[in-house]
Amino acid sequence: MEKPTLPKGTRDFGPAVMAKRQFILNSIRGVFQLHGFQPLETPTMENLSTLTGKYGDEGDQLLFKILNSGDYLKDVDQSKLNTKDSKLITSDISEKGLRYDLTVPFARYVVMNRHEITLPFKRYQIQPVWRADRPQKGRYREFYQCDADVVGTDSLICEAEIVLMIKSAFKSLGITDYTIKINHRGILAGIAELVAANEKESSLFVAIDKLDKIGEEKVKEELRIRGFGEKGLTTLFEIINFKGTTQEKVEFLTFRFATSEKGQKGIADLKQVFVLLKSYNTTEDHVEFDISLARGLSYYTGCIFEVKINNVVIGSVSGGGRYDNLTQAFGSKEKLSGVGISFGVDRLYDAMEELKLFPQEVNASSTVLISHFDEPSMNYGLGVLQTLRDKGIASEIYPDSVKIQKQFDYANKKMIPYVIVIGSEEIKSQQLTIKNMKTGEQEKKSISEIISFLTGN
RNA sequence: GUGGAUGUAGUUCAGUUGGUUAGAAUGCUAGAUUGUGAUUCUGGAGGUCGCGGGUUCGAGCCCCGUCAUUCACCCCA
């Protein structure tokens, strides 16, 4: 028989992995709720018309499309079929696709439910998304995103709170060595004006975003190929190579952007965000104003964020920014500004695994296993089991009458810290043996003593 | 979409210039112990060497194809 396999880029999550994933998910969910965000879920599939055109040409190609049900070729024009050009007929044979991110479905939801949403609307969403690219390290075809977005306000308090939420989430995850990079599309636009990028803005942004990865020379090389002149390149690197404190960068750019309206706006926004952070009584630790941060998604218009964990070779674990026009793509006449952040659970997992940051406890399943020497003691154990569960102690009984070694092995494998041993002596004396599986120590206690021992009361 | 690497036991891997019956560790399983494990000892099961073809007297090893996994590019969480 053929061995079953998984589709490329997808994974099963066994109990040990799930325990750790849920630790991450619960931590992030807790942070979102603490900051006043409410949950939202949207369908796995969306109409293709909802998804296409929102992520650029590259993004459209990475959409998973769902074949129409039934006789999907029936109504396709024969001449189109004869061309054998699959792009021509995709719109005829597929009208649904899997969601590519959580922001676009959220925008769709806001437009559809505008009448019952109170602005500003703060929602969080934790669901898998799908992308049809080729998997590699830290890149999957199915992965989870944890998004928190606010729509309906231009307030930069939202930007500041994004920084706070990132800090708070990383604190509860135990990640200490990381950098929140922050920049502004206005600043990038200002740079583009200065180097006369004109129509080539996006290739300029893509190239400078790679600066810390491939280095100055390679970026220059790429930009020359894209048709940028030496004069522009000199100006560009004068700006993005500027080193200094946030304060110094702001002053430097204010000077350079004297004639750029967009650039000035970017500086003013960022300045304000840093002022607000101060009002929150938080430090600027981990926060870095990075002039070369660009981010690919074209819908960002204001501040942009990206979070990297240091000393781990993995892409960014979190990213986000402000977008002014997203709901307009769905025919909203009202201009709703939104700003959001997304955590990539799978990358956080990989990074935390590599840095050995998962607490030992997350693996524990039950607290107690009830083991027994014979059938009468197994039956007696059932009553004990129920008593423990009534007190909220996660517990289980070994369901077969087998030798004690096997029951202990089971407890060890499931990392159950305590085993209660029941035999004829225990039944007679009403004193059960409780064993600490780590130290091997054991003592006899009554059920009520065991309960107060395990619950710590 | 483009390029590289790797496919041998459940798992991690050895396997000589191509030579007889493909090994180890670990895990699994049964027993030294009829009330005590992770750390003793002994036995047992488990492999169409990814798949298909070719070269050869002979292929796990060489050649071609194919599939899978993985890394990088593009792009992205």
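Here's a quick rundown of the structure. (Residues numbered from 1 in each chain as written. Chains lettered and ligands numbered in written order. Predicted model: local features only at pLDDT ≥ 70, side-chain atom pairs only at ≥ 80, totals over all residues. Heavy atoms only, no water.)

**Section: a nonpolar patch on the surface**
- A contiguous nonpolar surface patch, about 250 Å² in accessible area, is contributed by Leu-67, Tyr-72 and Leu-73.
- Considering the arrangement of structural elements, one finds Tyr-72 in the loop between strand 3 (65-67) and helix 4 (78-82).
- Given a relative accessible area of 33%, Tyr-72 falls into the partly exposed group. (Patch = residues over 30% accessible without salt bridge, like charges linked within 9 Å, V, L, I, M, F, W, Y side chains within 5 Å. Areas by Shrake-Rupley, 256 points an atom, 1.4 Å probe, with all protein chains shown as cover. Salt bridge = Lys/Arg side-chain N within 4 Å of Asp/Glu carboxyl O. Helix = DSSP H or I, 4+ residues; strand = E, 2+ residues; numbered from the N terminus. Buried < 20%, exposed > 50% of the residue type's maximum accessible area, 1.4 Å probe, protein only.)

**Thoughts on helix 6 (residues 103-112)**
- The element helix 6 is largely enclosed, with a buried count of seven among its ten residues.
- Within helix 6, the full set of buried residues consists of Thr-103, Val-104, Pro-105, Phe-106, Ala-107, Arg-108 and Val-110.
- Against strand 2 (45-47), helix 2 (48-51), strand 5 (121-130), strand 6 (142-151) and strand 10 (318-323) lie the buried residues of helix 6. (Contact = heavy atoms within 4.5 Å.)

**Observations regarding the protein's contact with RNA strand B**
- Around RNA strand B lies a shell of 39 residues, among which Arg-131, Arg-139, Ser-316, Asn-412 and Lys-413 are the nearest.
- Here, RNA strand B places atoms within 4 Å of the protein, and 42% of those atoms are sugar or phosphate.
- Interatomic distance of 3.1 Å between a side-chain N/O atom of Gln-136 and a phosphate oxygen of RNA strand B.
- Elements that contribute at least two residues to the surface near RNA strand B include exactly strand 6, helix 17 (404-413), helix 18 (424-429) and strand 15 (432-436).
- Per-element accounting of the surface near RNA strand B gives the leading share, six residues, to helix 17.
- Classifying every residue of the surface near RNA strand B gives ten nonpolar, 13 polar and 16 charged. (Near = heavy atom within 4 Å. Polar contact = N/O pair within 3.5 Å; in protein donor to acceptor, adjacent residues only side chain to side chain. Nonpolar A, V, L, I, M, F, W, Y, C, P; charged D, E, K, R; others polar.)

**Let's talk about the sheet that holds strand 9 (residues 303-309)**
- One open sheet accounts for eight strands, arranged 1-5-6-11-10-9-7-8; its pairing is mixed. Looking at the sheet topology across the chains shown, the edges are occupied by strand 1 (38-39) and strand 8 (287-289).
- As judged from the seven bridges shared by strand 7 (residues 178-184) and strand 9, these two strands associate in the antiparallel manner. From the neighbouring strand, His-184 faces strand 9, where its bridge partner is Cys-303. (Pairing = 2+ DSSP bridges.)

**Considerations on the sheet that holds strand 14 (residues 418-422)**
- Across the sheet, five strands lie side by side as 13-12-14-15-16; this open sheet has mixed pairing. The two strands at the open ends of the sheet, each matched to only one other strand, are strand 13 (395-397) and strand 16 (442-445). Ignoring which end each strand starts from, the neighbouring axes of this sheet average 25° apart.
- As paired strands, strand 14 and strand 15 are joined by four bridges and run antiparallel to one another. (Axes fitted to C-alpha atoms, helices over the stretch in contact; angles between N-to-C directions.)

It is worth stressing that arrangement in space is one thing and function is another; only the former is reported here.
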